[in-house]
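If you want the building blocks of each chain, they are given just below.
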Amino acid sequence: MNALETSQKLNSKGGKPQIKGMMYFDQELDNIKAGQENGHRKIAPKIKMRQKYAAPIQRMVPASLSNACHLLKPSAGSKPP
């Protein structure tokens, strides 16, 4: 269990556990920030790559093709062949 989950569980109990949860969060704040920063460093390149390639891919797929899903669904009154 990570520090955020632990502190949240303690905080949700109220009373003395809540105080312990707040103290635990304060103690682990530097580690929490480091973990979030590390996660951001790992995910940021993937987000940039998706942004870089999303627009060209969208231009390659014709709008008529991407909106053709309704043609595959039978209408309410039609019978299957």
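Procedures and definitions
- Residues numbered from 1 in each chain as written.
- Predicted model: local features only at pLDDT ≥ 70, side-chain atom pairs only at ≥ 80, totals over all residues.
- Heavy atoms only, no water.
- Helix = DSSP H or I, 4+ residues; strand = E, 2+ residues; numbered from the N terminus.
- Buried < 20%, exposed > 50% of the residue type's maximum accessible area, 1.4 Å probe, protein only.
- Areas by Shrake-Rupley, 256 points an atom, 1.4 Å probe, with all protein chains shown as cover.
- Salt bridge = Lys/Arg side-chain N within 4 Å of Asp/Glu carboxyl O.
- Arc of directions from axis to C-beta.
- Polar contact = N/O pair within 3.5 Å; in protein donor to acceptor, adjacent residues only side chain to side chain.
- Contact = heavy atoms within 4.5 Å.

**Observations regarding the overall build of the protein chain**
Then, in step 1: Check the secondary structure of the protein chain and you find four helices and zero strands.
Then, in step 2: For the protein chain, the proportion of its 81 residues judged to be buried stands at 10%.
Then, in step 3: When the accessible surface of the protein chain is totalled, it reaches about 7400 Å², and 61% of it is carbon and sulfur.

**A look at the pattern of salt bridges**
Then, in step 1: In the structure shown here, the tally under the stated rule is one salt bridge.
Then, in step 2: Between Glu 37 and Arg 41 there is a salt bridge, and its shortest N-O distance comes to 3.4 Å. Of this pair, Glu 37 and Arg 41 are both found in helix H2 (residues 15–60), four residues apart, which corresponds to roughly one turn of the helix.
Then, in step 3: You can call Arg 41 exposed: its relative accessible area is 52%.

**Quick word on helix H1 (residues 3–13)**
Then, in step 1: Buried within H1 we find Ala 3, Thr 6 and Ser 7. The buried residues of H1 occupy one face: seen down the axis, they fall within an arc of 90°.
Then, in step 2: Of the residues that open H1, the one with a side-chain oxygen 3.0 Å from the backbone nitrogen of Leu 4 is Asn 2.
Then, in step 3: Gly 14 occupies a position one or two residues after H1 and carries a positive phi of about 75°.

**Description of the side chain of Ser 7**
Then, in step 1: Mapped onto the elements of the fold, Ser 7 is located in helix H1.
Then, in step 2: Residue contacts for Ser 7: discarding those within four places in its chain leaves Gly 21, Tyr 24 and Phe 25.

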